[in-house]
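Notes for the structure review
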Amino acid sequence: MCVVWRWLACVAVLLLSACGGGGDSTTTTVSGNGLSSLGLSPAVATSFVQTANNLRVVVQDGPHGFQLGANANVLYATVTLCVPGGNPANPAECQTIDHIQVDTGSVGLRVLASKVSGLPLPRVSPSGTDTAWECFPFVIGGLWGQNAVADVGLGQQTATRVPVQLIEDNASSSMQPPADCIKAADGNILASATALGSNGILGIGSTTLDCGANCVSGNYISCQIVNGVNTCTGFVQYYSCPQGAANSGACSATAVPVNMQVYNPIAALPTAYNNGVVLKMPAVTDPGAATASGELIFGLDTVQGQAGLSGNYVPPQATKVVLGTDWQNQPDSYLNVTTRYNGTTYLSSYLDTGTNGLFFTDTTLTRCTGSTWYCPRSTLNPSAVISDGDNPALNPVTVNFQIGNAEALFSTNNTAFQDNAGATPGAASSFAWGMPFFYGRQVYMSIWQQAGALTAPWYAWVPL
Amino acid sequence: MTSSSLRAVALGLALVGASMHLPVQAALGALYVAPASASTVQTNVPGAMQGTASSAAQATAPASQVARRSMAVMSRYAVQATQQPDGSRVQELVAGNGVVFAVRWNTLYKPDLSALLGDSFPIYADAARQAAQRGGIQRQFRLDATDLVVHSTGHLHTFTGYAYVRSLLPAGLTPQALGWE
């Protein structure tokens with residue numbers, strides 16, 4: 001058996017051995033292929049000026065203690081959590097947390113509970129007495145922890161009274177995840193900075209809620225008798241746990257109204273800033289950059305750039321590529337766009353800062369030994385066409401990108417790569433445009449049904 | 001909550017419709033049994049596997065679990081498609097001998113693959129557990145075991161994937177022919 005969808009073991013070792021020094025300030029002698037004696041290329045950055053509506057973001061090493069080889073192309077920001085109405089200058093009311101991963105592939109802020117243990121954040125209580133706990137699975141792995149309400153500080157802006165998740169990272173806590181959640185997380189609840197590769201996740205994807213109607217109804221699991229066997233599918237997302245419960249065995253699946261579900265913090269910002277984001281990342285070239293620092297701007301088509309404000313209008317030359325929303329009839333393109341590459345159409349295609357490479361199928365490309373990363377002899381410069389989700393004939397935009405030799409890239413100590421790409425099977429399946437897509441671009445990503453001319457969410461981008 | 005979250009009400013309902021239910025008739029590798037609540041079966045290819053429909057057991061299933069189903073029949077296998085009120089859907093590919101040799105899913109929430117993979121689930125679970133140890137957010141997974149292949153991906157409110165057992169593929173049928181590889 002071969003589990004190929006993992007980082008190369010040797011790559012992990014190389015990254016590990018490399019990451020002792022930290023990234024930002026370590027730019028020394030540049031030699032050979034652009035690497036310093038520490039195996040680092042120069043750091044790259046966009047010019048950044050703090051304004052009313054932006055947030056500095058950076059691709060760099062993970063938080064101290066992260067020992068897995070996954071910390072390449074992880075985008076981080078620093079976020080402040082406050083008790084509602086709290087004063088940021090008062091540490092009893094607000095805590096600032098670094099190394100929060102910025103993720104456009106999920107929705108909601110989730111931070112390690114230990115990072116805010118001193119804050120008396122109000123709990124979420126759908127019943128009025130018991131408290132809500134949440135199981136939040138990824139495709140592989142997942143999170144468990146209590147929900148709370150916080151003011152979320154993003155740069156100079158505050159998203160007020162936002163439901164968030166406090167990731168349970170106290171191994172001695174009696175509130176260990178229920179068996180159903182452990183199963184949902186494939187046996188691996190991510191419960192530390194080491195496992196998570198971050199101190200939390202800032203989910204700012206294309207929707208406002210992290211669940212929706214399934215959680216409103218509380219009907220998470222269906223069962224029926226098949227061949228005499230009771231077959232059940234689905235996982236509980238929200239639990240209701242009695243206050244002071246001895247363990248999670250006292251918790252039960254619960255319905256959660258939408259105003260208590262974990263909510264996209266961007267969508268909870270003041271009106272001018274709540275309909276989406278612009279992500280500006282500097283260009284990166286082979287063999288990567290030690291770090292890459294950029295800017296996340298709040299709002300779309302609402303602010304002209306001027307002193308103290310970051311402009312967020314989509315330039316006229318940019319095309320708004322619309323994500324699919326016709327779930328009933330076109331599930332493959334739901335919340336996706338279309339990518340046409342090398343003669344193949346990928347209906348499930350998306351931009352995602354939470355994916356650390358470009359993932360698609362091209363059987364003509366050489367794979368790295370022992371992994372599904374691509375390892376062409378020299379860097380390739382292909383192009384693809386990205387177009388609308390539900391109607392791929394609309395809004396086609398040609399995208400030039402690069403496919404580098406992943407083994408060579410990962411042999412450096414850099415953390416930012418614009419051309420690491422890997423195989424994912426399924427000609428009719430997905431083309432994931434992860435972090436490499438964002439370098440050297442200004443990318444506009446809207447949130448569904450927030451203010452704006454288009455009701456469906458969309459992407460647009462221009463070169464920096 | 002602020003007024004901005006109140007606006008989310010409409011979206012939440014529009015976004016995900018109804019809750020996900022994925023009643024399956026048989027797991028991967030198991031014998032397919034005609035669904036208790038199947039409504040239509042089409043057998044328009046000569047020699048194809050015949051399904052049967054019965055409504056006798058429908059009353060025993062909660063209304064919310066009653067799926068809209070259809071049977072598309074191919075030359076060497078049948079496709080049992082299950083679509084739920086929320087649009088989540090599962091396809092089971094049934095060989096001529098009645099054994100489910102492949103499944104494909106497209107769901108709003110992460111599916112419980114134990115219900116879909118059946119006896120093959122422990123192999124998947126073991127591989128997924130190992131993959132999860134890498135840590136971090138993972139949105140792509142591929143298992144390429146000796147006999148079992150699973151591909152799973154997803155983001156936001158959309159999860160898709162497929163699984164098949166190589167040794168159960170009908171003679172002459174390749175994953176490429178399914179458009180899956």
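All of the points below concern the structure found in this document.

All names here are of chain A. Across all of its chains, the model carries five disulfides over all chains by this definition. With a sulfur-sulfur separation of 1.9 Å, Cys-211 is cross-linked through a disulfide to Cys-215. On the sign convention where negative is left-handed, the bridge of Cys-211 and Cys-215, at about 85° about the S-S bond, is right-handed. Of the residues examined, Cys-215 reaches a relative accessible area of 0% and is grouped as buried. Through a disulfide, Cys-368 is tied to Cys-375; the S-S separation comes to 2.0 Å. The sign of the 90° torsion about the S-S bond sets the Cys-368-Cys-375 disulfide as right-handed.

One pass over the full model with this rule turns up 12 salt bridges over all chains. Lys-183 of chain A is paired through a salt bridge with Asp-112 of chain B; the nearest N and O atoms lie 3.2 Å apart. With one member in each of two chains, Lys-183 of chain A in helix α2 (residues 179–184) and Asp-112 of chain B in the loop between β4 (100–107) and α3 (113–117) form a pair that bridges those chains. Exposure remark for Asp-112 of chain B: the relative accessible area of 5% places this residue in the buried category. Asp-186 of chain A is paired through a salt bridge with Lys-110 of chain B; the nearest N and O atoms lie 2.8 Å apart. Remark: Lys-110 of chain B occurs in the loop between β4 and α3 and Asp-186 of chain A occurs in the loop between α2 and α3 (193–196); the pair is interchain, linking two chains. Accessibility expressed as a relative area gives 9% for Asp-186 of chain A, which makes it buried. If you follow the salt bridges from partner to partner, you end up with Asp-103 and Asp-352 of chain A together with Arg-139 of chain B in one network.

The next subject is the sheet that holds strand β22 (residues 397–400) of chain A. Residue and element names in this part refer to chain A. Read across the open sheet, the seven strands follow the order β22-β21-β18-β19-β24-β20-β23; overall the sheet is mixed. Looking at the sheet topology across the chains shown, the edges are occupied by β22 and β23 (421–423). Across the sheet, the axes of successive neighbouring strands diverge by a mean angle of 30°, strand direction being ignored. Here three bridges tie strand β20 (residues 358–360) to β23, and the two strands are oriented parallel to one another. Considered in β23, the bridge of Leu-358 is made with Ala-421.

Turning our attention to empty space enclosed by the protein. Rolling a probe over the atoms, with the probe sized like a water molecule, indicates the empty space that remains. Inspection of every chain in the model, using the stated rule, returns seven cavities of 30 Å³ or more. What the largest cavity holds in volume is close to 300 Å³. Lining the largest cavity are 25 residues, with Phe-136, Pro-137 and Gln-237 of chain A together with Leu-156 and Phe-159 of chain B positioned closest to its centre. Elements with a minimum of two residues in the lining of the largest cavity: β7 (131–137) of chain A together with β6 (148–155) of chain B. No other element matches β7 of chain A, which puts three residues into the lining of the largest cavity. Here the residues of the lining of the largest cavity sort into 15 nonpolar, seven polar and three charged.

Basis of the calculations
- Residues numbered from 1 in each chain as written.
- Chains lettered and ligands numbered in written order.
- Predicted model: local features only at pLDDT ≥ 70, side-chain atom pairs only at ≥ 80, totals over all residues.
- Heavy atoms only, no water.
- Disulfide = S-S within 2.5 Å.
- Buried < 20%, exposed > 50% of the residue type's maximum accessible area, 1.4 Å probe, protein only.
- Salt bridge = Lys/Arg side-chain N within 4 Å of Asp/Glu carboxyl O.
- Helix = DSSP H or I, 4+ residues; strand = E, 2+ residues; numbered from the N terminus.
- Pairing = 2+ DSSP bridges.
- Axes fitted to C-alpha atoms, helices over the stretch in contact; angles between N-to-C directions.
- 1 Å grid on protein atoms, 1.4 Å probe; cavity = no way out; pocket = protein on both sides within 12 Å on 5 of 7 lines; lining within 4 Å.
- Points joined across faces, edges and corners; volume = space filled by probe spheres on them.
- Nonpolar A, V, L, I, M, F, W, Y, C, P; charged D, E, K, R; others polar.

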